[in-house]
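One-letter residues, chain by chain:
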Amino acid sequence: MYRIHPTESKRDVGELATTSISPSVWTVWKKSSMAFQGTDGFSVYDSNGRLAFRVDNYSRRHKCFTGELLLMDGGGTALMALKPQILSMHDRWSGFKGDGGSKTKTRPRLFSMRRRSILQSSDEAEVFMGNPNNQTPTPNFRIEGCFRRRCCKIWDSVGKEVAQICRKKANTSVMLGDDVFNLVIQPGVDCEMIMAFIVIMDRICRKPFTPWICS
């Protein structure tokens, strides 16, 4: 059996992979660390084999039934709540700091993300940072390529590559399935934010859904 994540090294456990001046490489496993049948999730390992981020079980059904998704660190501390906008042709989602437990409208919105085209076959998305009332018409980030095939890049507003998604190899001749892939993040880029983008991309790049079910 091939190893999904790298072997944990003997480096100090307090040393984070994000402290390097080189790009950080993460292994994303499309599987919850607490898997149950009929659910999805994510387990994300850093270059030392430590569980860094996770999204535990959520329904494979449409966003109408899934509700908010919770991005956590490896220990289960809530980092970000990801909430879909139900009636949106562009499949818009919003990211909020924290666990999303507050029901008030005052919780800080970090970003909104939407499919670039209303076509269901599109794998491209754009991200606008901050509150919708203060957003510029130009997206702060763009996701281009084919997410379904695990071959896409994330660019900032000036055209600089900030992250890349690519297939993961078990060795020089064996490619792993698309449920395991590499996420390469450039130095100085917020890894939590990029991982939130990946979780949302997984939701919006799904098969078309019949809108009347939401009524």
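Residues numbered from 1 in each chain as written. Predicted model: local features only at pLDDT ≥ 70, side-chain atom pairs only at ≥ 80, totals over all residues. Heavy atoms only, no water.

(A) Region of interest: the overall build of the chain. The number of helices and strands found in the chain is two helices and twelve strands. Listing the helices and strands of the chain from first to last along the sequence gives β-β-β-α-β-β-β-β-β-β-β-β-β-α. Out of the 215 residues in the chain, the part that is buried amounts to 40%. For the chain, the proportion of contacts with a sequence separation of at least 24, taken over those separated by at least 6, is 39%. Approximately 11700 Å² of the chain is accessible, and the part contributed by carbon and sulfur atoms is 54%. (Helix = DSSP H or I, 4+ residues; strand = E, 2+ residues; numbered from the N terminus. Buried < 20%, exposed > 50% of the residue type's maximum accessible area, 1.4 Å probe, protein only. Contact = heavy atoms within 4.5 Å. Areas by Shrake-Rupley, 256 points an atom, 1.4 Å probe, with all protein chains shown as cover.)

(B) Molecular detail of the nonpolar core. Residues F111, L183 and M195 are the most contacted members of the largest nonpolar core, which totals 41 residues. Per-element accounting of this core gives the leading share, eleven residues, to helix α2 (residues 191-204). (Core = buried A, V, L, I, M, F, W, Y, C linked by side-chain atoms within 4.5 Å.)

(C) Just the pairing of strand β9 (residues 141-146), in detail. Here three bridges tie strand β8 (residues 125-129) to β9, and the two strands are oriented antiparallel to one another. Across the sheet, the residue bridging to A125 is I143, located in β9. Across six bridges, β9 lies against strand β10 (residues 151-156) in antiparallel orientation. By the bridge assignment, C146 is partnered in β10 with C151. Adjacent in sequence and paired antiparallel, β9 and β10 are bridged by four residues, among which R150 carries a positive phi angle near 60°. (Pairing = 2+ DSSP bridges.)

(D) Structural context of α2. Look at α2: 20 Å from first C-alpha to last across 14 residues, which is about the 20 Å you get at 1.5 Å a residue. Across the 14 residues of α2, 13 count as buried, placing the element largely inside the fold. For α2, the side-chain oxygen to backbone nitrogen distance between the N-cap and E192 is 3.0 Å, and the N-cap itself is D190. (Expected span 1.5 Å × (residues − 1). Polar contact = N/O pair within 3.5 Å; in protein donor to acceptor, adjacent residues only side chain to side chain.)

(E) The arrangement of the pattern of salt bridges in detail. One pass over the full model with this rule turns up twelve salt bridges. Across the pair E192 and K97 runs a salt bridge, and its minimum N-O distance is 3.4 Å. In this pair, E192 is assigned in helix α2 and K97 in strand β6 (residues 93-97), connecting sequence segments 95 residues apart. Look at E192 and you get partly exposed, because its relative accessible area is 21%. With a relative accessible area of 45%, K97 lands in the partly exposed category. Where E126 meets R114, a salt bridge forms, and the shortest distance between an N and an O atom there is 2.7 Å. A residue pair is termed long-range when its members are at least 10 positions apart, and E126 in strand β8 and R114 in strand β7 (residues 109-115) qualify at twelve residues. Beyond isolated ion pairs, a larger network of salt bridges with shared partners links R116, E124, R142 and E144. (Salt bridge = Lys/Arg side-chain N within 4 Å of Asp/Glu carboxyl O.)

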